[in-house]
Amino acid sequence: MSHSIAEKKLIDAANKRILLLDGAMGTMIQEHKLEEADYRGERFADWHSDVKGNNDLLVLSQPKIIFDIHCAYLEAGADIIETNTFNATTISMADYNMQELAKEINIEATKLARQAADKFTAQTPDKPRFVAGVLGPTSRTASISPDVNDPAKRNVTFDELVEAYVEATHGLIEGGADLIMVETIFDTLNAKAAVFAVQSVFEELNVDLPVMISGTITDASGRTLSGQTSEAFYYSMNHVEPFSFGLNCALGPDLLRQYVEEISQVSECFVSAHPNAGLPNEFGEYDMESDEMAAHIREWAESGLLNIVGGCCGSTPEHIAAMAEAVKDYAPRKIVKLEVKMRLSGLEPFVH
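Report on the accompanying structure. Just so it is clear, the structure is predicted and the values come from calculations on it, not from any experiment.

### Considering the layout of surface pockets
So, point 1. Roughly 770 Å³ of internal volume is contained in the largest pocket.
So, point 2. Considering the residues around the largest pocket, the lining is formed by 31 residues, among which A24, M25, G26, T27 and C313 are closest to the centre.
So, point 3. If you list the elements that add at least two residues to the lining of the largest pocket, you get α2 (25–30) and β4 (179–185).
So, point 4. Taken together, the residues that form the lining of the largest pocket break down as eight nonpolar, 16 polar and seven charged.

Put into structure tokens, the structure is as follows:
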């Protein structure tokens, strides 16, 4: 499937129905209870530092586990699956001294997702499946000091982020992604570096893939970590002309709803949401069952808030299957066309 044909099929599908995104990769990996030796596999058996917890590495050391997780989500009804590349940048891989593997991980992760998506598309050609190449937020933030005693201090620069994201984007495209997803954004400056990198690579390779942007409201304040409301965040990133704009992570569907509604009222593109399965309990686990989560998502669909929906932390194929059932009879959200005005953003939106 060439990228132009894939994009057309994606837009056609999104105009006809609410599309299903997959659920949490980490939650499913945890069920395998992998130990250090499992993460290492044969290739990294003698690696000089611990690698347990490096979930993205599993596309190299345990590819069958990742492939099977993709297939489980596709079986549950997912239209779009995300590559297992949330931390596959040189910046985040530095935590494991694996910076030089970042591009290879992006390539191989995308190939695995591509293989799974193509397998299911072949079974039901009238329901094509798509691969979203994931760019995560990295483990550093460009606009907030890591030192409370030095507000001006930064542990990463815009240019360093761009360099890391350029390499990762090359890997995602080389592996065969249909679209690029910049997700779990807590810092708008990081996101701007990501989309600048993505657009630079598009220009260099003469390709143009759809871009999904998904931010994170960090708590009940309704703001990203760098302080923006969801509407202000949308205005900050709208110049990218994204395929979809939305929110994921941090909150369950009950607490996230009002912010998804806020975006659905101003977004001149498709709206996505993949909330957590509730808030973590005292053991760090997520307790919201699939039927409860699906009930919330059904109401969102009924209220016309959604074009794309899935799950983040704590969600499983069972959650996605329940959501698929919950939204199947509802039309997708109609894209709004806003009156032409000056729309600026600081921490708050400014519309004049």
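### Here's the deal with the packing of helix α7 (residues 102–123) against helix α8 (residues 158–175)
So, point 1. Here α7 crosses α8 at 30 degrees, and the two axes come no closer than 7 Å. When the axis of α7 is compared with that of α8, the two are roughly parallel. The handedness of the crossing between α7 and α8 is right-handed. Between α7 and α8, the contacting residues are A102, K103, N106, I107, T110, K111 and R114 on the first element and E167, A168, H170, G171, L172, E174 and G175 on the second.
So, point 2. Class assignment for the residues of the contact of α7 with α8 results in four nonpolar, five polar and five charged.

### Some words on the packing of aromatic side chains
So, point 1. Inspection of the entire model under this criterion finds six aromatic pairs.
So, point 2. Geometrically, the ring pair formed by F158 and F196 is tilted, given 6.2 Å between the ring centres and 50 degrees between the ring planes. Separated by 38 residues along the polypeptide, F158 in helix α8 and F196 in helix α9 (residues 188–205) bring together distant segments of the chain.
So, point 3. A residue is classified by how much of its surface remains accessible, and F196, at 46% relative accessible area, is partly exposed.
So, point 4. Within the aromatic cluster, the residues linked to one another by ring pairs are F233, Y234, Y235 and F245.

### Quick look at the sheet that holds strand β7 (residues 270–274)
So, point 1. Pairing is parallel across the open sheet formed by eight strands, whose spatial order is β1-β8-β7-β6-β5-β4-β3-β2. Either end of the sheet is taken by a strand with one partner, and the two such strands are β1 (19–20) and β2 (80–82).
So, point 2. Where strand β5 (residues 211–215) meets strand β6 (residues 244–248), four bridges bridge the pair, whose relative direction is parallel. What sits directly across from I213, in β6, is F245.
So, point 3. Each of β3 (130–135) and β4 touches α8; the most contacted strand, β3, lies at about 165 degrees to it.

### Examining the pattern of salt bridges
So, point 1. Per the counting criterion, the structure on display carries 16 salt bridges.
So, point 2. Its salt-bridge partner being E36, residue R40 comes within 2.8 Å of it at the nearest N-O pair. With a gap of four residues between them, R40 and E36 both fall in helix α3 (residues 36–40), about one helical turn apart.
So, point 3. One salt bridge connects R43 with E104, and the closest N-O pair in it is separated by 2.7 Å. In this pair, R43 sits in the loop between α3 and α4 (58–61) while E104 sits in helix α7, placing the two residues 61 residues apart along the sequence.

### Comments concerning the packing of α8 against α9
So, point 1. Two elements in contact, α8 and α9, have axes whose closest approach is 8 Å; the angle formed by their N-to-C orientations is 50 degrees. Here α8 is positioned oblique relative to α9, judged by the angle of their axes. The interaxial crossing formed by α8 with α9 has right-handed handedness. In this structure, α8 contributes F158, L161, V162, Y165, V166, T169, H170 and I173 to the contact, and α9 contributes L189, N190, K192, A193, A194, F196, A197, V198, V201, F202, E204 and L205.
So, point 2. For the contact of α8 with α9, the class distribution of residues is 15 nonpolar, three polar and two charged.

### So, the nonpolar core
Taken as a class, soluble globular proteins show a tendency for nonpolar side chains to be buried jointly.
So, point 1. In this structure, M98 and I213 are the most contacted members of the largest nonpolar core, which totals 95 residues.
So, point 2. Filtering out sequence-adjacent residues up to four positions away, I213 remains in contact with V182, I185, V195, F233, M237, V240, P242, S244, F245 and G246.
So, point 3. Listed in part, the 15 residues of the second largest apolar core include L10, L21, I80 and I308.

Procedures and definitions
- Residues numbered from 1 in each chain as written.
- Predicted model: local features only at pLDDT ≥ 70, side-chain atom pairs only at ≥ 80, totals over all residues.
- Heavy atoms only, no water.
- 1 Å grid on protein atoms, 1.4 Å probe; cavity = no way out; pocket = protein on both sides within 12 Å on 5 of 7 lines; lining within 4 Å.
- Points joined across faces, edges and corners; volume = space filled by probe spheres on them.
- Helix = DSSP H or I, 4+ residues; strand = E, 2+ residues; numbered from the N terminus.
- Nonpolar A, V, L, I, M, F, W, Y, C, P; charged D, E, K, R; others polar.
- Axes fitted to C-alpha atoms, helices over the stretch in contact; angles between N-to-C directions.
- Parallel < 35°, antiparallel > 145°, perpendicular 65-115°, else oblique.
- Left-handed = near helix turned anticlockwise from the far one by under 90°.
- Contact = heavy atoms within 4.5 Å.
- Phe/Tyr/Trp six-rings, centres within 6.5 Å; stacked < 30°, edge-to-face > 60°.
- Buried < 20%, exposed > 50% of the residue type's maximum accessible area, 1.4 Å probe, protein only.
- Pairing = 2+ DSSP bridges.
- Salt bridge = Lys/Arg side-chain N within 4 Å of Asp/Glu carboxyl O.
- Core = buried A, V, L, I, M, F, W, Y, C linked by side-chain atoms within 4.5 Å.

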